[in-house]
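# Observations on chain architecture
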Amino acid sequence: MRKRPQTNQEVMEMLFPEWYEYALNSLTPMVTEHNNPKHPIVLSLLFISDDDKAQAFQSEPKEGNTEIETTLYIEEHQSGKDLIMQLDFICLDGNPVMKTVIGRDRVIGQSEFIKILNKVDNFYLFIADKQGKLLKVKQVEWNQEEYDEVLRQFDFCTLLN
């Protein structure tokens, strides 16, 4: 039986056991399912920051009320469409930006990610330094209706389920 994580650091390491393989300044999504009728699906993102971004997050006031602007858009290529999620941190030193590309070349991953975005009201953002030390955990509000037009541009039969 696995030990239940006690700290946010342990939660991060449980959700992202291969965090040390992620590139610096990368934003990696993870979807988990739970036996909770109110929140059966949870979307978590891990950002591994370089020294400059780590310093910006460490200098954030303890209240951590930095405004996070979320943007969802599409980049089209000859082979299809990539879904891009970008997080901009307003009024934080250096205005850090995080971005993840959910590529068309991973159709199952892309369709699953889109299905999840249609089901969640928020997601969790774990921010760690390059040594894997957790700096912040933020709950980010997600308004799926704001991005209906973007999400509808993906034509997956699985999205109807």
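Relevant structure appears above.
The notes below deal with the structure included here. What you are looking at is a predicted structure, and each value in this text was computed from that prediction instead of being measured.

### What about the pattern of salt bridges?
Counted by the stated rule, this structure contains 4 salt bridges. Salt-bridge contacts for Lys 130 lead to Asp 51; the nearest nitrogen and oxygen are separated by 3.1 Å. One end of the pair, Lys 130, is in the loop between β6 (122-128) and β7 (134-141); the other, Asp 51, is in helix α2 (residues 51-58), and 79 residues separate them in sequence. Across the salt bridge formed by Glu 112 and Lys 115, the nearest N and O atoms sit 3.5 Å from each other.

### Points about the sheet that holds strand β4 (residues 80-90)
Ordered by their spatial adjacency, 3 strands build an open sheet running β3-β4-β5, and the pairing between neighbours is antiparallel. A single partner strand is all that each edge strand has here, and the edge strands are β3 (67-77) and β5 (97-102). For this sheet the average axis-to-axis angle between neighbouring strands, irrespective of direction, equals 20 degrees. When β3 meets β4, the two strands line up antiparallel, connected through 11 bridges. Of the residues in β4, the one forming a bridge with Glu 67 is Ile 90.

### Brief notes about the side chain of Thr 28
Structurally, Thr 28 is set in strand β1 (residues 26-33). Those residues in contact with Thr 28, other than ones at most four positions away along the chain, are Phe 16, Tyr 22, Ser 44, Leu 45 and Leu 46.

### Let's talk about the nonpolar core
Within the largest apolar cluster, 32 residues are counted, with the highest numbers of intra-cluster contacts made by Leu 72, Leu 83, Met 98, Leu 117 and Leu 125. Leave out the neighbours within four places in its chain, and Leu 117 touches Leu 43, Leu 72, Leu 83, Met 85, Trp 142, Gln 144 and Leu 151. Of all hydrophobic cores here, the second largest spans 9 residues; its members include Met 12, Trp 19, Ile 48 and Leu 134.

### A look at the sheet that holds β1
Strand order in this open sheet of 4 strands is β1-β2-β6-β7, and the pairing throughout is mixed. Edge strands, defined here as strands with exactly one partner in the open sheet, are β1 and β7. Sheet twist, expressed as the mean angle between neighbouring strand axes with direction ignored, is 20 degrees. As paired strands, β1 and strand β2 (residues 41-48) are joined by 8 bridges and run antiparallel to one another. The residue of β2 that forms the bridge with Thr 28 is Leu 46. Where helix α1 (residues 8-15) meets the sheet, it contacts β1, β2, β6 and β7, and its direction lies at approximately 100 degrees from that of β6. Running over the sheet, α2 touches β2, β6 and β7 and is turned about 70 degrees from β7.

### Section: unusual backbone geometry
Its identity is not glycine, yet Asn 25 carries a phi of approximately 60 degrees, on the positive side. Tracing the sequence through the fold places Asn 25 in the loop between α1 and β1. If you check the backbone angles, Asn 95 has positive phi at about 45 degrees while not being a glycine. For Asn 95, the location among the structural elements is in the loop between β4 and β5.

Calculation rules
Residues numbered from 1 in each chain as written. Predicted model: local features only at pLDDT ≥ 70, side-chain atom pairs only at ≥ 80, totals over all residues. Heavy atoms only, no water. Salt bridge = Lys/Arg side-chain N within 4 Å of Asp/Glu carboxyl O. Helix = DSSP H or I, 4+ residues; strand = E, 2+ residues; numbered from the N terminus. Pairing = 2+ DSSP bridges. Axes fitted to C-alpha atoms, helices over the stretch in contact; angles between N-to-C directions. Contact = heavy atoms within 4.5 Å. Core = buried A, V, L, I, M, F, W, Y, C linked by side-chain atoms within 4.5 Å. Buried < 20%, exposed > 50% of the residue type's maximum accessible area, 1.4 Å probe, protein only.

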